[in-house]
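Reading the structure
Single-letter residue listing:
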Amino acid sequence: GGKAGFAFATGMAAEATAIHLLKAGDHIISGDDVYGGTYRLFQDVMCDFGLEFTFLRMDNCQKIEEAIKPNTRMLWLETPSNPLLNIVDLEMAVDIAKKNNLMTVIDNTFSTPYFLRPFEYGIDLIVHSTTKYLNGHCDVVGGAIVTSTDELSERVQFLLNAMGTCASPFDCWLVLRGIETLPVRMRQHETNAFAVANYLKQHPAVKRVYYPGLESHPGYEVAKRQMKGFGGMVSIELNGGSEAVHTCLRRIKVFAMAESLGGVASLAEHPATMSHASMPKEHREKAGISDQLIRLSVGLENSDDLIEDLRQALEPR
């Protein structure tokens, strides 16, 4: 549904290019539990170049509107978010943005175009880490930007060329190969994620399960309305302290412990010390990213094998 698409060397190269659509003095409102690399780029890099950021939970119209300043120029969205799988109502966000003349950018990595088509809700710019589901095989890094207007297409094209953030031809070929199987993969990711989430929500070692496909998820109704499916990411918060987390991650066998996601193989990671380690502890805690949180990228293996792996990893011994 976009006007043009651009391939980048990494997901962060795409994000770095997108944020350069702004200039010193501009203010951006971003979700508070965004990907750790996004937070690092915004807070630890772009602030030094005169951009200003406010991080907040994008679940309340009034809260977002109160954060808008005279110099606010952009809403940066993730839905589902990384790693808490929070859901943003895109119709609400776009309505706020249009009233205040703001650009809307969404990182659509978790949903993919198969489950969510943000342009249908009026989003201006879509960013992907093609490293993840679009490639789907954990054998390349890449990023993408898709634009909604000719003007944005020209600006992104200029920045890609000027900044040299483009992807290599071979990496593009690998991503194109992966996209050919995207629909079948996403359906199976979701099927397996449902099985894993439903198992874990009843497990005594698990304090909370974050999966937008569960009716208990606070964003369930919005996700059901704006998405074709709920995706393959599941996060869990364990009972007990850090030792419970370390024990679980040491014991897993089918799940591999690794930061990436969206591939055919199931992965587990600890956001506080891995993907979100660059986010200060006080910010993580305020956003709800506890030290007991584990993020699961549910792959394409047999769901019974995945559940058995989690059972033995969480079993008291």
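Look up: the structure comes first, before these words.
Residues numbered from 1 in each chain as written. Predicted model: local features only at pLDDT ≥ 70, side-chain atom pairs only at ≥ 80, totals over all residues. Heavy atoms only, no water.

**Some points on unusual backbone geometry**
- Looking along the chain, the bond that leaves T79 and enters P80 is cis, with omega of -10°.
- Within the secondary structure, P80 sits in the loop between β4 (72-78) and α4 (90-99).
- The peptide bond linking N82 to P83 adopts the cis configuration, its omega dihedral lying at 20°.
- By the secondary structure assignment, P83 is in the loop between β4 and α4. (Helix = DSSP H or I, 4+ residues; strand = E, 2+ residues; numbered from the N terminus.)

**Structural notes on the pairing of strand β9 (residues 233-238)**
- Of all 6 residues in β9, 6 are buried, a share of seventy percent or more.
- Of the two faces of β9, the one carrying M233, S235 and E237 and the one carrying V234, I236 and L238 are both buried.
- Taken together, the 4 bridges between strand β8 (residues 206-210) and β9 define a ladder with antiparallel strand orientation. Residue pairing for β9: Y210 is matched across the bridge by S235.
- Taken together, the 5 bridges between β9 and strand β12 (residues 293-297) define a ladder with antiparallel strand orientation. When the sheet's bridge partners are listed, E237 is paired in β12 with L293. (Buried < 20%, exposed > 50% of the residue type's maximum accessible area, 1.4 Å probe, protein only. Pairing = 2+ DSSP bridges.)

**A look at the nonpolar core**
- Within the largest apolar cluster, 97 residues are counted, with the highest numbers of intra-cluster contacts made by I19, W76, L77, L200, V209, I294 and L296.
- Among all residues touching I294, those that are not within four sequence positions of it are V234, S235, I236, L238, V245, C248, L249, A268, E269 and P271. (Core = buried A, V, L, I, M, F, W, Y, C linked by side-chain atoms within 4.5 Å. Contact = heavy atoms within 4.5 Å.)

**Concerning the pattern of salt bridges**
- A complete count under the given rule lists 16 salt bridges for this structure.
- Note that D26 is salt-bridged to R73, the shortest N-O span being 3.8 Å. Here R73 lies in strand β4 and D26 lies in the loop between α1 (11-19) and β2 (27-31), a separation of 47 residues in the sequence.
- Taking the relative accessible area as the measure of exposure, D26 reaches 6% and is therefore buried.
- Note that R177 and D139 form a salt bridge whose closest N and O atoms lie 3.1 Å from each other. On the criterion of sequence distance, the pair formed by R177 in helix α7 (residues 169-179) and D139 in the loop between β6 (125-129) and β7 (143-147) is long-range, its members being 38 residues apart.
- A relative accessible area of 27% places R177 in the partly exposed class.
- Exposure remark for D139: the relative accessible area of 38% places this residue in the partly exposed category.
- Each of K281, R284, E285 and D291 takes part in a single network of salt bridges with overlapping partners. (Salt bridge = Lys/Arg side-chain N within 4 Å of Asp/Glu carboxyl O.)

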